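Structural overview for review
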Amino acid sequence: MFSLRGCGRSVAASLAKQHLPLTRSSADSAAPGTPHFDVVVIGGGHAGSEAAAAAARCGSRTLLLTHRVDTIGQMSCNPSFGGIGKGHLMREIDALDGLCSRICDQSGVHYKVLNRRKGPAVWGLRAQIDRKLYKQNMQKEILNTPLLTVQEGAVEDLILTKPEAERTGKCRVSGVVLVDGSTIYAESVILTAGTFLRGVIVIGLEMHPAGRLGDQPSIGLAQTLEKLGFVVGRLKTGTPPRIAKESINFSILNKQIPDNPSVPFSFINETVWIKPEDQLPCYLTHTNPRVDEIVLENLHLNSHVKETTRGPRYCPSIESKVLRFPNRLHQVWLEPEGMDSDLIYPQGLSVTLPAELQEKMITCIRGLEKAKMIQPGYGVQYDYFDPRQITPSLETHLVQRLFFAGQINGTTGYEEAAAQGVIAGINASLRVRGKPPFVISRTEGYIGVLIDDLTTLGTNEPYRMFTSRAEFRLSLRPDNADNRLTFRGYKEAGCVSQQRYERASWMKSSLEEGISVLKSIEFSSYKWKQLIPEASISTSKSLPLRALDVLKYEEVDMELLAKAVPEPLKKYTESRELAERLKIEATYESVLFHQQQEIKEVQQDEALQLPEDLDYLTLRDVSLSYEVREKLHFSRPQTIGAASRIPGVTPAAIINLLRFVKTTQHRQAAMDELAKPNQSLWDKDKFEERQL
């Protein structure tokens with residue numbers, strides 16, 4: 001047992017050669033009285049909170065270590081959750097009994113579904129959130145979760161021990177060392193450091209170490225991981241200035257009101273905590289040529305923009321927008337930060353100019369001519385680790401039982417972090433219990449798309465989820481996330497409550513029954529037109545139509561259908577969610593059949609598992625170029641399907657790899673068959689010995 005930092009560079013060098021000077025395993029490493037947990041989570045941000053809660057729900061004694069308890073649930077950047085693609089993640093997190101969706105339903109100030117003009121498969125649930133209320137509700141949830149202990153403390157180092165012989169990895173994590181020198185032992189450790197690993201905050205030409213404004217970065221832990229051999233990258237992000245609400249002229253701006261009724265994020269909530277009429281509006285304004293001039297004239301005063309470190313492509317700073325898209329007007333959404341907050345968040349105005357120039361730029365924008373800046377915008381630069389160094393369960397290849405989740409894997413956004421946190425928490429707990437990992441594939445959820453993209457493709461810029469990243473969007477809808485994931489979460493991981501499982505079961509059986517009934521009701525198109533004159537049903541040919549076919553018409557919903565045929569359809573309108581989901585199922589019925597066939601083909605590739613201990617660099621029985629071998633060695637894909645998605649791995653290489661896997665499987669099966677008679681003879685001999 002050793003702490004890497006305590007052993008200095010000689011140990012780091014020996015680790016790189018995979019020679020570990022160890023004398024004791026983790027089973028006997030903890031001194032009497034030393035704290036010992038099943039799972040330790042480092043970091044109390046969105047990934048860490050979800051990871052800790054998920055591990056505890058799975059039955060593991062869990063410790064959440066955070067710099068300050070009062071920052072749990074803090075929304076460091078934008079005061080919103082959800083959006084296009086991100087709303088799908090929120091629904092899937094909720095389907096696995098995650099926290100953030102329920103907390104948002106208790107803390108929002110403006111709920112709206114984006115992309116309504118398109119089909120429900122790509123609708124984006126979104127909400128403006130009251131920062132203070134969200135933090136209060138999240139802390140209440142975390143601090144009252146059974147089996148979960150929260151402790152303030154900064155982690156400086158990892159405790160490493162001998163690796164488990166049957167698994168890959170140069171060593172195993174067995175606990176953490178805090179800044180004060182105290183140790184805490186654990187069976188699994190989850191690192192959710194966010195932007196804290198060697199984080200630096202930038203305003204103009206000023207730079208100072210910080211994970212976020214007001215919090216110190218983590219230096220020692222970053223150095224430990226780098227010495228272990230993890231490939232480290234550098235990313236940057238930023239946040240806009242905050243503006244005093246009373247200094248804005250809202251009367252001349254475009255006003256956006258919330259939806260009525262509001263659609264909750266969580267499947268277990270029928271509605272949100274606040275009525276639509278009591279919610280706060282958002283306002284829209286735009287930049288202008290004067291903003292461009294200020295940015296371009298002062299690039300020499302902006303070190304963040306000059307950095308070669310990659311920033312977020314899909315949420316760029318105003319400087320990046322001006323440089324990439326000159327002579328354009330850019331949207332600026334003025335978003336409330338809370339019911340009783342005096343601050344406005346100018347979404348789309350992330351900036352790292354010196355503070356006085358930020359204020360000058362703000363007052364050039366329509367409606368903000370007299371705006372008062374309360375806090376300047378700033379940039380953050382931080383370490384991340386190439387996510388191809390983790391498995392689909394989020395366990396690292398290099399260090400056994402060490403899991404990464406959140407921005408440390410190169411993602412951006414609360415939702416992406418929370419999704420990884422849930423999966424890491426589940427798998428850290430399953431690892432302790434010696435159970436198979438819980439992996440969501442690309443065919444099952446956006447969480448699967450997120451993790452598969454990271455672990456097979458990697459990223460060199462902050463990764464953000466969009467619906468366009470998923471191949472099977474019609475099947476992976478926000479409305480059916482519970483049907484896709486809740487049952488797996490309940491049976492395989494134990495992370496889903498009985499209440500949620502029962503509700504998902506009721507919804508599933510109600511949908512199946514409803515669809516069956518809708519298929520059984522059949523009239524001629526002429527009669528349907530008489531029953532529902534609002535529907536654009538053609539009567540030129542009097543063809544038989546099922547009620548399910550009629551429900552596909554845009555003008556028809558379950559309410560209208562139930563008025564036409566009260567029995568037996570009226571009962572399916574008593575639940576608004578059930579009625580809406582029946583409409584969506586009808587809408588996609590014909591195309592879903594073909595997509596399910598495509599999904600089955602992909603699942604066949606995913607079913608072909610690659611051996612975990614395969615050494616691609618020395619493998620002789622398969623023809624692969626050295627470039628392909630290097631890529632496979634670095635990413636270590638677990639299936640043929642995952643290998644096929646790695647850039648640079650050619651179709652020819654996949655065919656050769658497929659042949660090798662099948663040949664190996666056949667050879668192993670033949671050896672198993674040969675061993676069976678010998679085993680039975682051995683059993684017979686042992687039986688005769690016992691008889692004698």
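How each quantity is defined
Residues numbered from 1 in each chain as written. Predicted model: local features only at pLDDT ≥ 70, side-chain atom pairs only at ≥ 80, totals over all residues. Heavy atoms only, no water. UniProt positions renumbered as here; feature names shortened; annotations may be inferred. Pairing = 2+ DSSP bridges. Helix = DSSP H or I, 4+ residues; strand = E, 2+ residues; numbered from the N terminus. Axes fitted to C-alpha atoms, helices over the stretch in contact; angles between N-to-C directions. Salt bridge = Lys/Arg side-chain N within 4 Å of Asp/Glu carboxyl O. Buried < 20%, exposed > 50% of the residue type's maximum accessible area, 1.4 Å probe, protein only. Contact = heavy atoms within 4.5 Å.

An unreviewed UniProt entry lists the protein chain under the name 5-taurinomethyluridine-[tRNA] synthase subunit MTO1, mitochondrial, with Galemys pyrenaicus given as the organism. Listed under Sequence similarities (unreviewed entry) in UniProt, the entry text for the protein chain is "Belongs to the MnmG family."

1. Let's talk about the sheet that holds strand β5 (residues 108-114)
Read from one edge of the open sheet, three strands run β4-β6-β5, paired in antiparallel fashion. Taken across any chain shown, the strands that pair with only one partner, and hence form the sheet edges, are β4 (80-82) and β5. Within this sheet the neighbouring strands show an average axis-to-axis angle of 15°, counted without direction. As judged from the six bridges shared by β5 and strand β6 (residues 124-129), these two strands associate in the antiparallel manner. The partner of V113 across the bridge, within β6, is L125.

2. A word on the pattern of salt bridges
Scanning the entire structure with this criterion turns up 42 salt bridges. Salt-bridge contacts for E164 lead to R431; the nearest nitrogen and oxygen are separated by 2.9 Å. Here the residue E164 occupies a position in the loop between β8 (155-161) and β9 (171-178), and R431 occupies one in helix α11 (residues 414-432), the gap between them amounting to 267 residues. Both residues of the pair, E164 and R431, count as buried. The salt bridge involving E577 is made with R503; its shortest N-O contact spans 3.2 Å. Of the two residues, E577 sits in helix α19 (residues 576-587) while R503 sits in helix α14 (residues 498-520), which places them 74 residues apart along the sequence. For the pair E577 and R503, one class covers both residues: buried.

3. What about the sheet that holds strand β20 (residues 378-385)?
Taken in spatial order, the four strands line up as β12-β11-β20-β13 in an open sheet, and their pairing is antiparallel. The two strands at the open ends of the sheet, each matched to only one other strand, are β12 (206-209) and β13 (232-239). Ignoring which end each strand starts from, the neighbouring axes of this sheet average 25° apart. Examined bridge by bridge, strand β11 (residues 200-203) and β12 share four bridges and lie antiparallel to one another. Directly across from V200, in β12, lies its bridge partner P209.

4. Quick look at the environment of F487
Relative to the elements of secondary structure, F487 occurs in helix α13 (residues 481-493). Note on F487: relative accessible area 14%, which makes it buried. Expressed as a C-alpha distance, the spacing of F487 and Q216, which sit 271 residues apart in the sequence, is 41 Å. When neighbours within four sequence positions are excluded, F487 is seen to be in contact with D482, Y501, A504, S505 and K508.

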